[in-house]
Amino acid sequence: MTAKSWLTPTIIAVVALVLPFLLRDPYPQHILIMILIWATLGTAWNLLGGYAGQVSFGHAAFFGLGAYSAGLLFLHLKISTWWGMLLGPFVATAVAVPIGLICFRLRGPYFALATLALGEIFRLVFTNWVKFTHGAQGILILSTFPTKLPYYYIALAIWGLAMFTLNRLINSKLGYYFVSIREDQDAAESLGIPTTRYKMYAFLPSAFLAGLTGAFYMNYIAFIDPHVVFSLGDISVMVILVVMMGGVANPWGAPVGAAIYIALNEIFRAWLGSANVLAFGILVCLVILFLPNGVMGELGQIRRTAFRQKPAAAGGGQK
Amino acid sequence: MSFFEVKNIVKNFGGLTAVNNVSFTVEKGEIFGLIGPNGSGKTTIFNLINRFYPLTSGEIYFQGQRIDGLPTHKICELGIGRTFQVVKPLRRMTVLENVMAGAFLHTGSIARARAKALEVLDFCALAHRKDVEAKSLTIADRKRLEIARALATEPKLLLLDETAAGLNPKEQEEAIAIIQKIRDAGITIIIVEHVMKVIMGISNRILAINFGREIARGTPREIANHPEVIKAYLGDAYA
């Protein structure tokens with residue numbers, strides 16, 4: 001590793017560590033925590049969907065399983081919801097195993113469809129299995145900490161773990177194999193890549209991190225119900241939009257997309273009400289049209305436009 | 001026991017028999033040519049060997065081991081590499097990364113995969129394009145990338161599917177030179193080719209097929225004069 005490759009992460013880590021001391025009010029601290037939650041969930045999705053090309057329309061299933069692992073531990077066994085942060089990721093991973101083993105043998109949209117169904121199945125089961133889950137009434141706990149500060153650092157640590165995991169994976173043999181599978185599965189197989197197995201290697205950490213994020217969400221928000229944590233629109237689809245906004249298959253895509261999404265949410269909510277989702281949707285459309293690789297993916301293009309430079313032509317020599 | 005043997009292979013697609021009872025053996029170190037008119041089943045035979053399609057019936061042996069039934073990636077691992085007639089570059093990866101994806105078969109280290117890939121790119125005279133995204137290569141370079149990527153998996157047997165198709169005469173000469181260099185490096189080759197200059201010039205033995213059946217086999221000279229082959233390519237009037 002060169003000194004330069006450490007520079008950006010170090011600066012970001014230092015800024016992230018001191019930020020809550022500059023923004024002392026609970027409100028901006030809450031926004032930072034929400035950004036971290038979405039950045040972690042987005043990073044989990046990006047590993048599987050962005051790098052390995054296996055688009056999941058049901059990451060709410062793993063997020064919700066993490067959240068409910070924590071909530072149900074408290075509900076039935078009176079164990080602290082913090083233990084859910086240990087249990088939740090493994091429950092989410094355990095559910096991912098059979099889904100992956102079945103769907104990854106198929107080609108085409110089957111994985112996307114199966115994950116779409118998975119999220120909805122869990123939402124419906126957890127809504128209607130009232131005895132076990134309290135159904136739509138949800139699970140309410142008492143917050144552990146009176147201030148936001150401990151939550152902020154826990155969220156930061158989880159996001160750090162996600163970024164570390166992503167970077168370790170994509171800067172190894174696995175990363176090359178993930179992208180090869182995304183680009184052409186036949187070519188990948190003919191190069192000796194066991195594609196089903198390597199798709200699992202992307203899927204399992206992705207589900208694990210989504211489960212961990214969900215378990216933290218339960219602890220932080222202190223209330224969950226199936227329509228929130230298993231939501232198709234607000235979680236499964238939104239995480240895809242967040243990553244598309246920031247940059248698919250870019251390590252900084254999810255955090256940047258999350259920051260834009262949460263910031264817009266807060267700005268627009270004050271004077272647009274629930275139309276803030278519409279505003280975000282329009283912005284995503286614009287990003288897809290003009291920055292197809294997302295904000296981070298087109299950073300060079302954005303800089304050139306901002307400074308009115310001519311783009312360097314591929315192949316060169318253009319007057 | 002032959003180095004590589006295909007025994008009575010049959011492939012049906014619904015009611016169509018694409019490959020009908022074809023058998024041949026390939027000896028270590030030779031270049032074995034496979035020719036036939038369009039749609040005669042040449043590429044299908046390749047797709048059966050590396051199991052993109054399962055056989056309807058028949059057997060395939062490589063170094064004494066039966067390989068039909070093994071998954072595609074396992075067949076590559078045993079030492080059978082292939083290229084694609086319709087090239088399949090990993091489009092949003094650079095040329096170097098494409099070849100590294102092949103080189104990772106025998107190493108987990110990025111440094112070693114990169115060294116191996118650079119060596120192979122040098123061998124295929126493609127090193128000057130290493131940092132270019134594969135999607136912006138010319139067709140000649142894409143064909144060469146196919147070969148480089150397959151070579152990076154260190155095959156003992158290489159299946160080349162029309163690597164000279166669509167190339168101009170100068171590029172064809174270069175393709176022939178690369179194929180001969182591969183053989184000289186000790187790699188056995190099965191080659192499917194339409195460009196007669198290429199296949200007649202370098203093959204030790206040739207199998208000609210039409211409608212999925214064998215119509216002739218022999219040395220390039222025997223094949224060129226074989227009435228069935230002339231009939232298949234030019235029609236009855238010339239036979």
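Refer to the preceding data block for the structure.
Caption draft 1: Looking closely at the overall build of chain B. Counting its regular elements, chain B contains nine helices and ten strands. Radius of gyration (C-alpha) of chain B: 18 Å, near the 18 Å computed for a compact globule of 239 residues. Scored against the burial criterion, the 239 residues of chain B give a buried share of 53%. By element, 50% of the accessible surface of chain B is carried by carbon and sulfur atoms, the whole surface being about 10100 Å². Here chain B carries 31 positive and 25 negative side-chain charges, and the mean point of each set is 4 Å from the other.

Caption draft 2: Geometry of the layout of surface pockets. The calculated volume of the largest pocket comes to roughly 960 Å³. For the largest pocket, the lining is made up of 35 residues, of which A:Tyr51, A:Arg182, A:Val248, A:Ala249 and A:Asn250 are closest to its centre. If you list the elements that add at least two residues to the lining of the largest pocket, you get helix 2 (26-51), helix 8 (173-183), helix 12 (232-246), helix 14 (276-290) and helix 15 (294-297) of chain A together with helix 3 (95-103) of chain B. Here the residues of the lining of the largest pocket sort into 18 nonpolar, eleven polar and six charged. Approximately 680 Å³ is the volume found for the second largest pocket. Lining the second largest pocket are 21 residues, and of these A:Trp6, A:Pro9, A:Met163, A:Asn167 and A:Trp252 sit closest to its centre. Those elements giving two or more residues to the lining of the second largest pocket turn out to be helix 1 (3-22) and helix 7 (149-170) of chain A. A per-element tally of the lining of the second largest pocket places helix 1 of chain A first, with nine residues.

Caption draft 3: Quick peek at the interface of chain B and chain A. Across the contact, 24 residues belong to chain B and 18 residues belong to chain A. When chain B packs against chain A, close to 1900 Å² is buried across both sides, 65% of that on carbon and sulfur atoms. Linking chain B with chain A are two salt bridges. A salt bridge links A:Asp186 to B:Lys88; the shortest N-O distance between them is 3.7 Å. For the pair chain B and chain A, the number of links is six residue pairs in polar contact (both at pLDDT 80 or more). Looking at the side of chain B that touches chain A, the elements with two or more residues in it are helix 2 (72-78), helix 3 and helix 5 (139-152) of chain B. Here the element with the most residues in the side of chain B that touches chain A is helix 3 of chain B; it accounts for four residues. Its residues assigned to classes, the side of chain B that touches chain A shows eleven nonpolar, seven polar and six charged.

Caption draft 4: Inspection of helix 6 (residues 169-184) of chain B at higher detail. Residue and element names in this part refer to chain B. Look at helix 6: 23 Å from first C-alpha to last across 16 residues, which is about the 22 Å you get at 1.5 Å a residue. For helix 6, every residue scored as buried is listed here: Gln-172, Ala-175, Ile-176, Ile-178, Ile-179 and Ile-182. Angularly, the buried residues of helix 6 cover 165 degrees about the axis, an arc narrow enough to put them on a single face. The exposed set on the far side of helix 6, more than 90 degrees from its buried face, consists of Lys-170 and Asp-184. Those residues of helix 6 that are buried are in contact with strand 3 (31-35), helix 4 (110-123), helix 5, strand 7 (157-161), strand 8 (188-192) and helix 7 (196-202). Positive backbone phi, at 95 degrees, marks Gly-186, one or two positions downstream of helix 6.

Caption draft 5: Seen up close, the pattern of salt bridges. Under the defined criterion, the tally for this structure stands at 21 salt bridges over all chains. For B:Arg205, the salt bridge identified is with B:Glu30, shortest N-O distance 2.7 Å. In this pair, B:Arg205 is assigned in strand 9 (residues 205-210) and B:Glu30 in the loop between strand 2 (16-26) and strand 3, connecting sequence segments 175 residues apart. The buried category is assigned to B:Glu30, whose relative accessible area is 9%. Here B:Glu174 makes a salt bridge to B:Lys170, at a shortest N to O gap of 3.1 Å. A residue pair is termed a helical-turn pair when its members lie 3 or 4 positions apart in one helix, as B:Glu174 and B:Lys170 do in helix 6 at four residues. When its relative accessible area of 59% is taken as the criterion, B:Lys170 is described as exposed. A single salt-bridge network, built from bridges that share partners, covers A:Arg182, A:Glu183 and B:Arg92.

Caption draft 6: Up close: the sheet that holds strand 5 (residues 65-66) of chain B. Residue and element names in this part refer to chain B. The four strands are arranged 2-1-4-5 in an open sheet whose pairing can be described as antiparallel. Each edge of the open sheet is held by one strand with a lone partner, namely strand 2 and strand 5. Here strand 4 (residues 57-62) pairs with strand 5 via two bridges, running antiparallel. Its bridge partner lying in strand 5, Phe-62 is registered against Gln-65.

Rules of the game
Residues numbered from 1 in each chain as written. Chains lettered and ligands numbered in written order. Predicted model: local features only at pLDDT ≥ 70, side-chain atom pairs only at ≥ 80, totals over all residues. Heavy atoms only, no water. Helix = DSSP H or I, 4+ residues; strand = E, 2+ residues; numbered from the N terminus. Rg over C-alpha atoms; globule rule 2.2 N^0.38 Å. Buried < 20%, exposed > 50% of the residue type's maximum accessible area, 1.4 Å probe, protein only. Areas by Shrake-Rupley, 256 points an atom, 1.4 Å probe, with all protein chains shown as cover. Lys, Arg positive; Asp, Glu negative; His and termini not counted. Charge placed at Lys NZ, Arg CZ, Asp CG, Glu CD. 1 Å grid on protein atoms, 1.4 Å probe; cavity = no way out; pocket = protein on both sides within 12 Å on 5 of 7 lines; lining within 4 Å. Points joined across faces, edges and corners; volume = space filled by probe spheres on them. Nonpolar A, V, L, I, M, F, W, Y, C, P; charged D, E, K, R; others polar. Contact = heavy atoms within 4.5 Å. Buried area = accessible area lost by both parts, 1.4 Å probe. Salt bridge = Lys/Arg side-chain N within 4 Å of Asp/Glu carboxyl O. Polar contact = N/O pair within 3.5 Å; in protein donor to acceptor, adjacent residues only side chain to side chain. Expected span 1.5 Å × (residues − 1). Arc of directions from axis to C-beta. Pairing = 2+ DSSP bridges.

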